[in-house]
Amino acid sequence: MAFISALPAMLISVGLGFVLGCIPFVQNWLHWNFWFVIPISGLVYGLIVGYSSFKLLHILNCRASGAVILILVISAAAGFAAIDLGRYLTYVVDGRNGQVVRIAAVMSFFEFLGPQFKNFWHSLSYVVDLLGAMAAAFGAILVGADDNPYCARCNRYKSKETEFEVLLDGEEIANKLFAEITVLIEDGDYPAFRDFCVALQEQGNPAAGVVKVTFDERKCAACEARTMFGVFEFVDDEGDWSENSDFKFTMTSDANVRISPDMQPRGDESI
Ligand SMILES: [Zn+2]
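The shown structure was predicted, so the numbers you read here are calculated from the model rather than taken from an experiment.

Asks: Got a minute to help me understand the overall build of the protein in this structure?
Replies: What the protein contains, in helices and strands, is 8 helices and 8 strands. In the protein, buried positions account for 30% of the 271 residues.

Asks: Just checking my understanding: could you explain the sheet that holds strand E8 (residues 241-252) for this structure?
Replies: Paired through their backbone hydrogen bonds, the strands of a sheet run either parallel or antiparallel. With antiparallel pairing, 4 strands are arranged side by side in an open sheet as E5-E6-E7-E8. The outermost strands of the open sheet, each flanked by one partner alone, are strand E5 (159-168) and E8. With direction set aside, neighbouring strand axes in the sheet form an average angle of 15°. The pairing of strand E7 (residues 226-235) with E8 spans 8 bridges and is antiparallel. Along E8, the bridge assignment pairs Thr227 with Thr252.

Asks: Sorry if this is basic, but what is going on with the environment of Phe249 here?
Replies: Of note, Phe249 is situated in strand E8. Taking the C-alpha atoms as reference points, Phe249 and Gly230, separated by 19 residues in sequence, lie 5.1 Å from one another. Sequence-distant contacts of Phe249, defined by excluding residues within four places in its chain, comprise Ile181, Ile185 and Gly230.

What counts, and where the lines are drawn
Residues numbered from 1 in each chain as written. Predicted model: local features only at pLDDT ≥ 70, side-chain atom pairs only at ≥ 80, totals over all residues. Helix = DSSP H or I, 4+ residues; strand = E, 2+ residues; numbered from the N terminus. Buried ≥ 20, exposed ≤ 12 C-beta atoms within 10 Å, placed from the backbone. Pairing = 2+ DSSP bridges. Axes fitted to C-alpha atoms, helices over the stretch in contact; angles between N-to-C directions. Contact = placed C-beta atoms within 7 Å.

Following this line, the structure appears as structure tokens:
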């Protein structure tokens, strides 16, 4: 089952590597790394493949389960290895008398790969490239899965319901608010939690805030199960906002949480 779910994304991973390997100029940069051990191309390739793989899972409403992620990470490595096949089949060199000679016509695939394993450092470099591609793909898929809640009951991703921001004018107020939110989440009553969030929005914002709280709610279109993500951002002396990982929260409802119409937040309206 996991294999079937992952199949389209697997094909993308392997196909992308092969196609990139076939493109002149690009193919020369696909094993680019620093000092043999920092795999620039592997990381970039893994990020692109991981991001694309998750996008496809999302479009097809396939859950990024542990087994699916494992299959896709292995596919990312296979795709990275497929780069060499693409290079081998399309690589040309100048022959005698100005003729262009295809590498595939004069040597086997393993002879072509040989120089990449000619000594310890080159072999290590190849392995590190592969590991880099796998690690980056794993990270990109995990971030996608984290940011996109899935309704296991209806086998679909939840879609964005609403997003709004609330400004606070003191860090003490932020601490107090975060504590209140934590208690509400522990209580597990989603409608009460959501009413609290919406009431905060309706209070309005101070003229100048030093803390910004973003509420981002997703909803399953079939059963109305909801997930609310929240994050606090703090402003620094230069006026730049940055998230604080200690001030993040997630609340998920059971299915069929009905929200009374008069408590609907005002769409995407934000400060
Ligand atoms: Zn659902």
